[in-house]
Amino acid sequence: MTKMNPWENALRQLDDVIEVLDIDSSTKDALSYPERVTESRILLKTDSGVDVYPAYRVWHNTARGPAKGGIRFHPQVSVEEVKALSMWMTWKNAVAGVPFGGGKGGIIVNPKELSKGELEGLSRGFVRSLGSLFGQNTDIPAPDVNTNPTIMGWMIDEYETMRGKKEPGALTGKPIELGGSEGRTEATGLGGFYATLNAIKEFEIRGKRVAVQGFGNVGYYAAKFFSNHGFKVVAVSDSKGGIYDEQGLDIEKIRATKLKTGKVKGPGKEIKNAELLELPVSILVPCAIENVINQNNAADIEAKLIVELANGPTTPDADKILEEQGKIVIPDVLANSGGVTVSYLEWVQNRMGYYWTQKEVREKMKTVMDGAFTQVHKKYKEQKKSMRVAAISLAVECVVEAMKLRGQL
Ligand code: NAD
């Protein structure tokens, strides 16, 4: 039965790896329990009263460095989801080789129902409530679904006001003027594009037709880099549905319409998100939420290559079906690591007080992503399992080694 609970899915992925690596049960337990789960509530005063929002910050494992991971604002956030996302951050940071552990945060809220002032109040409330965890050497948040550089700007201001000092490295994904990095906004989409180029080469993927699900920060930039580099993006979508044109879409036009109307619209056939996943394309790029590829639709996916820019878009049951059908899945912990890699570069720049150009940042990110792909692919060839098992295996080995060196295991 498909588990739609992301935490159960994350644990199942870990089980698959533990089986291959032959890890003892106490180490397994140590990796299966998050280091710290903090639950809180934010009070937001409005003209009509006080609204209460549950909020979470989870550190999965900090053996390799401070907790690092985004903050999500979404009505379906749950502690289980935040735990899963934090575990995936632990693996992702280890695969990329950046010196961070895994963390994640979230608020159960539909931000679309808030005014700009309320959104700012909620963002500052998150920091007042959970910001004692933050710090450039302890826990470094960043944007995720429905959070962005503007929100990071409010959060770093609240944090620095609380601490009475400037500390830009306590949070990444900031606006450039507040110590953000060139190249951060587009980093996850661009990194996903680099990962795809590596996958095309290693797995001899033919065909240039691409479908992209989700048209937010990650999806828009992914679609843009594909369509600017000789690929044909034939479908894109957001939460309300999508459009399909087998001749290829004009990504900038769709972006302009989305900014104006809040919807993905344009010339082309209107399609549902479920249809987008099953289109006759070579490359499918999920850039929205978890569990969209599951046991109910995995067998109907035509794309030969699935590049996970969303976190957790494929359930373990779907993974098995895709594997049986000879599909290649480039897992989230590898494919979408461009974002945290440039967050790392932002943190480094904040700490040294010296800033690189966009070209320098992109080159450094490409070096990290190409290196990570090569390592994971090598492991994949040795293990003959899947790219996900290979990536998480590499990560688990790094994390276990760090825990042993600390004397924790
Ligand atoms: P975002 O809020 O900017 O965009 C999310 C997009 O997904 C929006 O277009 C939204 O309409 C769409 N969406 C929401 N529910 C959907 C559904 N049911 N079906 C189809 N589309 C839906 O968020 P983002 O930063 O682009 O993040 C997208 C995904 O990428 C998330 O899984 C996130 O965890 C992951 N990710 C983001 C980053 C980053 O740097 N922002 C880094 C790594 C991974």
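Small disclaimer: the values here were computed from a predicted structure and weren't measured.

Draft legend 1. Seen up close, the overall build of the protein. Each helix and strand counted, the protein has 14 helices and 12 strands in total. In summary, the protein has a C-alpha radius of gyration of 20 Å against a globular reference of 22 Å for 409 residues, a match within 12%. Accessible area for the protein stands at about 16900 Å²; split by element, carbon and sulfur atoms hold 49% of it. Both charge centroids of the protein, one from 53 positive and one from 51 negative side chains, sit 3 Å from each other.

Draft legend 2. A look at the side chain of Arg388. Structurally, the position occupied by Arg388 is in helix α14 (residues 387-405). Leaving out residues up to four positions away in the same chain, Arg388 has contacts with Gln13, Glu308, Thr314, Asp319, Val329, Pro331 and Asp332.

Draft legend 3. Region of interest: the domain arrangement of the protein. Considered domain by domain, the protein is made up of domain 1 (34-168) and domain 2 (187-335). The C-alpha-based centres of domain 1 and domain 2 are spaced at 27 Å. Taken together, the 11 residues of domain 1 in the interface contact 8 residues of domain 2. A buried area of about 770 Å², summed over both sides, lies between domain 1 and domain 2, and 54% of it is on carbon and sulfur atoms. Of all residues in domain 1, Trp88, Lys92 and Val95 give up the largest surface area on contact with domain 2, accounting jointly for 53% of the area buried on that side. Residue Glu290 pairs with Arg72 through a salt bridge whose shortest N-O separation is 2.7 Å. Sort the elements by how many residues they give to the side of domain 1 that touches domain 2 and helix α3 (residues 79-96) lands first, with 6 residues. Its residues assigned to classes, the side of domain 1 that touches domain 2 shows 5 nonpolar, no polar and 6 charged.

Draft legend 4. Summary view of the pattern of salt bridges. Applying the stated criterion across every chain, the model contains 25 salt bridges. Measuring nitrogen to oxygen at the nearest pair gives 3.1 Å for the salt bridge that ties Asp15 to Lys28. Of this pair, Asp15 sits in helix α1 (residues 6-21) while Lys28 sits in helix α2 (residues 25-32), and the two are 13 residues apart along the sequence. Overall, the relative accessible area of 32% leaves Asp15 in the partly exposed class. Arg124 is the salt-bridge partner of Glu120, the closest N and O atoms lying 2.9 Å from each other. Taken together, the residues span about one helical turn, with Glu120 and Arg124 both in helix α4 (residues 116-130) at a distance of 4 residues. On the basis of relative accessibility, which here comes to 16%, the residue Arg124 falls in the buried class. The structure contains a network of salt bridges with shared partners spanning Arg72, Glu81, Lys104, Asp144 and Glu290.

Draft legend 5. Summary view of α2. The set of residues buried in α2 consists of Thr27, Leu31 and Ser32. Looking down the long axis of α2, one finds its buried residues gathered within 135° of arc, a one-sided arrangement. Elements in contact with the buried residues of α2: α1, β2 (49-61), α3 and α14.

Draft legend 6. Structural context of the site of the ligand. As a matter of local geometry, the ligand sits amid 22 residues, with Asp144, Asn146, Thr188, Ala288 and Asn311 nearest to it. A distance of 3.3 Å separates a nitrogen atom of the ligand from a polar side-chain atom of Asn273. The contact in question runs from an oxygen atom of the ligand to an N or O atom on the side chain of Asn311, over 2.8 Å. Look at the ligand: alone it shows 830 Å² of surface, and the protein chains cover 87% of it. Split by residue class, the shell around the ligand holds 8 nonpolar, 10 polar and 4 charged.

Draft legend 7. A look at the sheet that holds strand β1 (residues 36-46). The sheet built from 5 strands is open, its strands ordered β1-β2-β4-β3-β5 with mixed pairing. Edge positions in the sheet fall to β1 and β5 (139-143), since each of these pairs with one other strand and no more. Strand-to-strand, the axes of this sheet are offset by a mean angle of 25°, without reference to chain direction. Relative to strand β4 (residues 101-108), β2 runs antiparallel, the two being bridged by 6 bridges.

Draft legend 8. Up close: the environment of Lys240. By the secondary structure assignment, Lys240 is in the loop between β7 (232-238) and β8 (241-244). Through-space distance from the C-alpha of Lys240 to that of Asn93 is 32 Å; in sequence the pair is 147 residues apart. When sequence neighbours within four positions are dropped, the list of residues in contact with Lys240 reads Gly262 and Lys263. Within polar-contact distance, the side chain of Lys240 engages the backbone oxygen of Gly262 at 3.2 Å.

Draft legend 9. Quick peek at the environment of Leu276. With respect to the helices and strands, the residue Leu276 is situated in helix α9 (residues 273-277). Leu276 gets classed as buried once you look at its relative accessible area, which sits at 0%. Between the C-alpha atoms of Leu276 and Ile301, which are 25 residues apart in sequence, the distance is 9.5 Å. Each residue touching Leu276, except ones within four places of it in the same chain, is listed here: Ala211, Val212, Gln213, Ala235, Val236, Ser237, Ile271 and Leu284.

About the cut-offs
- Residues numbered from 1 in each chain as written.
- Predicted model: local features only at pLDDT ≥ 70, side-chain atom pairs only at ≥ 80, totals over all residues.
- Heavy atoms only, no water.
- Helix = DSSP H or I, 4+ residues; strand = E, 2+ residues; numbered from the N terminus.
- Rg over C-alpha atoms; globule rule 2.2 N^0.38 Å.
- Areas by Shrake-Rupley, 256 points an atom, 1.4 Å probe, with all protein chains shown as cover.
- Lys, Arg positive; Asp, Glu negative; His and termini not counted.
- Charge placed at Lys NZ, Arg CZ, Asp CG, Glu CD.
- Contact = heavy atoms within 4.5 Å.
- Domains from an automatic or database assignment.
- Buried area = accessible area lost by both parts, 1.4 Å probe.
- Salt bridge = Lys/Arg side-chain N within 4 Å of Asp/Glu carboxyl O.
- Nonpolar A, V, L, I, M, F, W, Y, C, P; charged D, E, K, R; others polar.
- Buried < 20%, exposed > 50% of the residue type's maximum accessible area, 1.4 Å probe, protein only.
- Arc of directions from axis to C-beta.
- Near = heavy atom within 4 Å.
- Polar contact = N/O pair within 3.5 Å; in protein donor to acceptor, adjacent residues only side chain to side chain.
- Pairing = 2+ DSSP bridges.
- Axes fitted to C-alpha atoms, helices over the stretch in contact; angles between N-to-C directions.

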